[in-house]
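Chains, contacts and geometry: an overview
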Amino acid sequence: MLIIIFACLLLAAVGPCDATSCSATTALWEQIEGALVKVSVGPAGVWGVNVNNQIWYRDDTYGTATNLGGDWTQVDEPIFSLMDLDVGDDVVWGITLKGKLTCRKGINEATPQGETWKILKNKAKDVAISPNGQLVAINELGQFVYREGLSSKCSRMGKWFAHTDSSLNLTQISVGEAGIWAVAADSKIYYRPGSMGDTGYIGTEWEQVNGGLVSLGVGKDFVVGVSSNGQIWRREGMASSNSGGTGWIQLTGDLKVVDAYNGCYAWGVKRGQDIWLGTF
Ligand SMILES: *[C@@H]1O[C@H](CO)[C@@H](O)[C@H](O)[C@H]1NC(C)=O
C-alpha cells in the first residue's frame, strides 16, 4: 500500500493517479431484482436485454450508474427487440434480431429511455460505444470494424472501416477509458496498444494478453472479465506506458456477462439471469 501511495505521489507530477482507485479483491455483490441475459452500463445509465429480447432501462441510473436505481422500465416505444446492447453518452447501440446495428435516438436527462430506434444497414455480432463516442463492432466474420472519429450521436453518418489484417475470430468487444479490448472465439484476450484514454485513436494492431475470457467490460483504469467457468477477473496495472496492464486478479463472485464504465464497480448477470452490481 505504501509503495502504491508513494508511486502515486511521484506520478502526481505528471498526471492523475488512479493506481489506488480499484484495489479490492473482495467484490461486494448486491442483487438487483429482475432477470436479464445482457446488461450494459455507461454514461446514459444501465440497460439490459432479457431472454425474450425485450429492452429494459434501470430508472434513475442516467448519469449515476452506481445507483441501484428504482425499477426496470421496458423500452417498448416503438415495440422493438434486441439481441444485445451497449450504453454510451446519450446513446445506446444494439444489435437487432436480424443482426443489424441500431441506435437509440433522443436519450437525455429528461427522457433517459430515448425516443426511437434508427437501424443501419451494417450487420454486426457485437457493438460497443465509448463514453466519448468511439464506435467499434465485430462483423459477421468476427473481424474488428470501427467508425472513424468520436461521435456519441445516433446517426447513420460516418465512415466504417474493417481491419482485415488479422485472422482473429472475435466474439465480444468493449471500449472505454482503458482502451479497446476484445475476446475471440477461443477465449483468448486482446487489446489495441495506444487506444487507452478514449481519444478516438484505435491503434494499429491487436496484442494478446494472458488468460481466457468469454465476456469483458472496459472501465476507467481496469478491465473486468468473466471466464467460461464464471470466474471474475480484473486486469491490474494499466497505465499509458503499459496499456495492456500487468496481470489478472480474481474477484469474488461468479457471472456470465459483465460490463463496467467509470468507477470501481461492475454490472453483471449470472447464468440464471439474475442481475448483480459489484463494487470493488
Ligand atoms: C468464429 O467463431 C464462431 C463461434 O463463436 C464460429 O461459429 C465461426 O464459424 C467462426 N468463424 C470463423 C471464420 O472461424
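Rules used in this analysis
- Throughout, a residue's number is its position along its own chain's written sequence, starting from 1.
- Confidence filtering applies because this is a predicted model: local features only for residues at pLDDT of at least 70, side-chain atom pairs given and counted only at 80 or more, and all residues used for totals across whole chains, interfaces and linings.
- Strands are runs of DSSP state E lasting at least 2 residues, helices are runs of H or I lasting at least 4, and numbering of each runs from the N terminus.
- As a reference, a globule follows 2.2 Å times the number of residues to the power 0.38, and the radius of gyration itself is taken over C-alpha atoms.
- To assign burial, the other C-beta atoms lying within 10 Å of each residue's own C-beta are counted, with C-beta atoms placed from the backbone; 20 or more indicates buried, 12 or fewer indicates exposed, and intermediate counts indicate partly exposed.
- Put simply, a nonpolar core is a cluster of buried Ala, Val, Leu, Ile, Met, Phe, Trp, Tyr and Cys residues tied together by C-beta atoms within 7 Å.
- Distance between backbone-placed C-beta atoms decides contact: two residues are in contact if it is within 7 Å.
- Strand pairing is defined by DSSP finding a minimum of two bridges between the two strands.
- Interaxial angles span 0 to 180 degrees and are taken between N-to-C directions of axes, which are lines fitted to C-alpha atoms, for helices over the stretch in contact.
- A score from 0 to 100, pLDDT tells how confident the predictor is in each residue.
- In this text, near has one meaning. A residue is near a molecule or strand if its C-beta atom, placed using the backbone, is within 6 Å of it.
- All residues other than Ala, Val, Leu, Ile, Met, Phe, Trp, Tyr, Cys, Pro, Asp, Glu, Lys and Arg, Gly among them, are scored as polar; the first ten of these are nonpolar and the last four charged.

Section: the overall build of the chain
Per the secondary structure count, the chain includes 1 helix and 24 strands. Rg of the C-alpha trace for the chain: 18 Å, near the compact-globule value of 19 Å for 280 residues, within the 12% margin. With the C-alpha coordinates aligned to their principal axes, the bounding extent of the chain is approximately 55 × 45 × 35 Å. Residues counted as buried form 45% of the 280 residues belonging to the chain.

Some details on the nonpolar core
Counting residues in hydrophobic clusters, the biggest one holds 79 residues, and the most contacted among them are V92, W93 and V136. For this core, the element with the most residues is strand 15 (residues 179-184), which contributes 5 residues. What V136 contacts, discounting residues up to four positions off in sequence, is A128, F144, Y146, I173, V175 and I180.

A few points about the environment of S81
Structurally, S81 can be placed in the loop between strand 5 (72-74) and strand 6 (82-87). Between the alpha carbons of S81 and D254 there is a distance of 27 Å; along the sequence they are 173 residues apart. Here S81 is in contact with N53, Q54 and L97, once residues within four sequence places are set aside.

Overview of the sheet that holds strand 22 (residues 257-260)
Read across the open sheet, the 4 strands follow the order 1-24-23-22; overall the sheet is antiparallel. This sheet does not close on itself; its edge strands, each paired only once, are strand 1 (28-35) and strand 22. In this sheet, adjacent strand axes meet at a mean angle of 25° when their direction is disregarded. With 5 bridges connecting them, strand 23 (residues 265-269) and strand 24 (residues 274-279) associate as antiparallel partners. Following the sheet pairing, W267 is matched in strand 24 by L277.

What about the confidence of the model for the chain?
Atom-level detail of predicted coordinates should not be read off regions where pLDDT is low. Mean pLDDT for the chain: 91, with 92% of residues reaching 70 or above. Ignoring residues within four places in sequence, the model shows residues 1-19, a span with pLDDT below 50, making 11 contacts including any to other chains.

Examining the site of the ligand
The full set of residues close to the ligand is L141, G142, N169, T171 and A185. Residue composition of the shell around the ligand, grouped by class: 2 nonpolar, 3 polar and no charged.

Side note on the sheet that holds strand 17 (residues 207-209)
One open sheet accounts for 4 strands, arranged 14-15-16-17; its pairing is antiparallel. The sheet is open, and its two borders are formed by strand 14 (170-176) and strand 17, each paired with just one other strand. Recorded for the sheet is a direction-independent mean angle of 30° between the axes of neighbouring strands. Bridge analysis of strand 15 against strand 16 (residues 189-191) gives 3 bridges, and the strand direction is antiparallel. By the bridge assignment for strand 16, W181 is matched with Y191.

Digging into the pairing of strand 3 (residues 45-49)
Counting buried residues along strand 3, 5 of its 5 residues qualify, which places the element largely inside the surrounding structure. By the bridge criterion, 5 bridges tie strand 2 (residues 38-42) to strand 3 in an arrangement that is antiparallel. Of the residues in strand 3, the one forming a bridge with S40 is W47. The turn linking strand 2 back onto strand 3 is made up of 2 residues. Note: strand 3 against strand 4 (residues 55-58), 3 bridges, orientation antiparallel. Following the sheet pairing, G48 is matched in strand 4 by W56. Between strand 3 and strand 4, which pair antiparallel one after the other, the connecting turn spans 5 residues, and N53 there sits at a positive phi close to 65°.

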